[in-house]
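So the chains spell out like this:
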Amino acid sequence: MVFEFLKREPEAPPPNPVLLLAEAQEFLKEENFEGALGKFDELCSLPVQSPLPLLSRATCRLHLKKYEGVVEDCEKVLKFLNSDVDGHAEEGCTTVHSLALMRMAKAYKELGRLDDSKSALMRKNALEHKLGRDTLDNGGENEEGGDPEEAARKEREIAEEWKEKGNAEYKKENWAAALDHYKNGLVYDMYNAKIHGNACMALIKMKRWPQALKHAEQCIALEPKWVKGYYMKGMVLSNESKIEQARDVLRQAVKMEPQNEQIKSLLDEVEQRVDYVESRLRRRKTNNSSAANKSSASASEKDAGKHSANDSGPETNGADDKQAPVEDVDSDEEYCDDGSCRTPKKVKLQVTRKQVTDTLIDLCAAAIGVAIVWLIVARDE
């Protein structure tokens, strides 16, 4: 039992995403989609922070005729924030969402779900049209016979329906359910600042600060004059302890709406925290400077005492030459003068990781030694 921990096999290191991606790209160059799919499966099993592995896996599944999987991956991609891609990735697709919708349309068509295929294609065209990047030259009609403007209007209506469902769950304090509804709304209208704002508030309630910050920044980018975006960003930064950044953002918000008491209250709170931190830093700097000056003065007086003793000056009994100890606020020692002791209020232990490791090794070695002796004695008896 004593040596059981020595028999444990070391845990395998976690997969390297960069290495997996490089291997997947090599398979794609060889048009080995089965091999690439295996690597993208491993990538997607890691905590996904980007839609690109999912989009790449959807591409592999499309080539391998695994159409249900294509739809599943593309739906996940559409829940990420949209971003631009190289226009050469696929003609007519300039964003991640456009690529996902195009692959989804192809998969639905192969599955025989023609209405769903047409809907996905219309959504893709409406998105590109909204961005002013469509290349249609037939009077606004796309190859499937749909009107991009009408498709965009329907998309906005569906997004509003999802937003209302999210608001209903938010009022019930069902933050996760509300967030899911808001994400569904953003699938249909990614550039709706209000839905981004609602999603941000749900994430704030769930204390998911990094994701909330992305939605707050999206609000500011989409509607720079909407003060709520700045307020939410300041709130998130404050909770992430980035108080100086929060102060700057909230000051912008106050300039936009000087009478907004809610924003002014949060700004006052953040400024108090900033002042407190700055005062502590100043006090620490002053204490360190004072301690350094006292140490220097003590050393100088000690050297002066040595020189006077060497010059055969008047001898003393030592009591008069005793130097008062220099106070160090980072020390944990007790100093005694004439029988009275004082302990500094601030204590800070300086222990390195190597010292801790060496101590643990010594303790383990001692324990093993005791165990061996005990086993030998037990066997002799």
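Keep in mind it's a predicted model, so treat the numbers as computed, not measured. (Residues numbered from 1 in each chain as written. Predicted model: local features only at pLDDT ≥ 70, side-chain atom pairs only at ≥ 80, totals over all residues. Heavy atoms only, no water.)

1. A word on the overall build of the protein chain
We count it as follows: A helix here means a DSSP run of H or I that spans at least four residues, while a strand means a run of E at least two residues long, and both kinds are numbered starting from the N terminus. Buried, partly exposed and exposed residues are distinguished by accessible area as a fraction of the type maximum, computed with a 1.4 Å probe on protein chains only: under 20%, between the cut-offs, and over 50%, respectively. The contact rule is simple, with two residues in contact once any of their heavy atoms fall within 4.5 Å. Methods summary: accessible areas were calculated by the Shrake-Rupley approach with a probe of 1.4 Å, and residue burial reflects only the protein chains presented.
Assigned secondary structure in the protein chain consists of 14 helices and two strands. The 381 residues of the protein chain split such that 32% are buried. Considering only residue pairs separated by 6 or more positions, the protein chain has 47% of its internal contacts joining residues 24 or more positions apart. As displayed, the protein chain has an accessible area near 24800 Å², and 51% of this comes from carbon and sulfur atoms.

2. Quick look at the pattern of salt bridges
Should the charged atoms of two oppositely charged side chains come close, the side chains can pair. Here is the rule: Salt bridges are identified by distance alone: a Lys or Arg side-chain nitrogen within 4 Å of an Asp or Glu carboxyl oxygen.
Per the counting criterion, the structure on display carries 18 salt bridges. With its nearest N and O atoms 3.6 Å apart, the salt bridge here joins E72 to K76. One end of the pair, E72, and the other, K76, are both in helix α4 (residues 67-77), four residues apart, so they sit about a helical turn from each other. We classify E72 as partly exposed; its relative accessible area is 41%. Its relative accessible area of 35% is what places K76 among the partly exposed residues.

3. What to know about unusual backbone geometry
Its identity as a non-glycine residue notwithstanding, E173 has a phi of 65°, on the positive side. One non-glycine residue, K207, lies in the positive phi region at around 60°. Relative to the elements of secondary structure, K207 occurs in the loop between α9 (193-205) and α10 (209-222). Judged by relative accessible area, which is 61%, K207 ranks as exposed.

4. Details of empty space enclosed by the protein
For clarity, the cut-off: Points on a 1 Å grid, built from protein atoms alone, make a cavity when a 1.4 Å probe fits but cannot get out and make a pocket when they are open with protein on both sides within 12 Å along at least 5 of 7 lines; residues with an atom within 4 Å of a point are the lining residues. Grid points are joined across faces, edges and corners, and a volume is the space filled by probe spheres set on the points. Note on residue classes: Ala, Val, Leu, Ile, Met, Phe, Trp, Tyr, Cys and Pro are nonpolar, Asp, Glu, Lys and Arg are charged, and everything else, Gly too, is polar.
This model, assessed by the stated rule, comprises one cavity of 30 Å³ or more. Of the pockets and cavities examined, the largest cavity occupies roughly 140 Å³. If you go around the largest cavity, you meet 15 residues; those closest to its centre are R123, L127, E155, V187 and Y188. When residues of the lining of the largest cavity are traced back to their parent elements, those giving at least two are α5 (96-110), α6 (114-130), α7 (148-171) and α8 (175-188). Sort the elements by how many residues they give to the lining of the largest cavity and α6 lands first, with four residues. Residues of the lining of the largest cavity, tallied by class, amount to nine nonpolar, two polar and four charged.

5. Description of the packing of α8 against α9
What counts here: As a rule, the C-alpha atoms of each element are fitted with a line to give its axis, helices using only the stretch in contact, and angles between N-to-C directions run from 0 to 180 degrees. Any angle between 65 and 115 degrees counts as roughly perpendicular, while under 35 counts as roughly parallel, over 145 as roughly antiparallel, and the rest as oblique. Should the near helix be turned anticlockwise from the far one by less than a right angle, the crossing is left-handed, and should it be turned clockwise, the crossing is right-handed.
Between α8 and α9, whose axes approach to 9 Å, the crossing angle comes to 155°. When the interaxial angle is binned, α8 and α9 end up roughly antiparallel. Handedness of the α8/α9 crossing: left-handed. Between α8 and α9, the contacting residues are W175, L179, Y182, G185 and L186 on the first element and I195, H196, N198, A199, A202, L203 and K205 on the second.

6. Digging into the packing of aromatic side chains
Here is the rule: The criterion for an aromatic pair is that two Phe, Tyr or Trp rings (for Trp, the six-membered ring) have centres within 6.5 Å, with stacked assigned to planes under 30 degrees apart, edge-to-face to planes over 60 apart and tilted to the rest. Should the NZ of a Lys or the CZ of an Arg lie within 6 Å of a ring centre and within 35 degrees of the ring normal, that charge is described as sitting over the ring.
Inspection of every chain in the model, using the stated rule, returns one aromatic pair. Ring centres 5.0 Å apart and planes at 65° place the aromatic pair Y170 and W175 in the edge-to-face group. Seen from the ring of Y188, R123 lies directly overhead, with NZ or CZ sitting 4.5 Å from the centre. Cation over ring: K194 sits above W226, and NZ or CZ is 4.5 Å from the ring centre.

7. Looking at a nonpolar patch on the surface
So the rule is basically this: Within this analysis, patches are made of residues with over 30% relative accessible area and no salt bridge. Like charges are joined at 9 Å or less; nonpolar side chains (Val, Leu, Ile, Met, Phe, Trp, Tyr) at 5 Å or less.
Where nonpolar side chains cluster on the molecular surface, the patch consists of Y276, V277 and L281 and spans about 290 Å² of accessible area. Here Y276 shows up in helix α13 (residues 261-310).

8. As for the environment of S50
The criterion, for reference: By the criterion applied in these results, polar contacts are pairs of N or O atoms within 3.5 Å in which, for protein atoms, one can donate a hydrogen and the other can accept it, and in which residues neighboring in sequence qualify only through two side-chain atoms.
In this structure, S50 sits in the loop between α2 (33-45) and α3 (52-63). Under the relative-accessibility criterion, S50 is labelled partly exposed at 26%. Once the C-alpha coordinates of S50 and F80 are considered, the two residues, 30 residues apart in sequence, prove to be 7.7 Å apart. For S50, the side chain forms a polar contact with the main-chain nitrogen of L52, separated by 3.2 Å.

9. Examining the nonpolar core
Applied cut-off: Nine residue types can take part in a nonpolar core, namely buried Ala, Val, Leu, Ile, Met, Phe, Trp, Tyr and Cys, and a core is a set of them joined through side-chain atoms within 4.5 Å.
One finds I204, M232, L250, I263 and V270 to be the most contacted residues of the largest nonpolar core, which totals 39 residues. Sorting the residues of this core by element identifies α8, α9, α10, α11 (227-239), α12 (243-256) and α13 as the ones contributing at least two each. Take this core: its biggest share by element is eight residues, from α9. Among residues more than four places away in sequence, those in contact with L250 are Y230, Y231, G234, I263, L266, L267 and V270. C44, L62, V71 and V77 belong to the second largest nonpolar core, which has 24 residues in total.

10. Concerning the environment of K233
Mapped onto the fold, K233 is located in helix α11. Distance in space between the C-alpha atoms of K233 and A212 is 8.1 Å, their sequence separation being 21 residues. Setting aside its immediate chain neighbours within four residues, K233 contacts L213, A216, E217, I220 and V249.

So, to be careful, I would describe these as geometric facts and stop short of saying anything about function.
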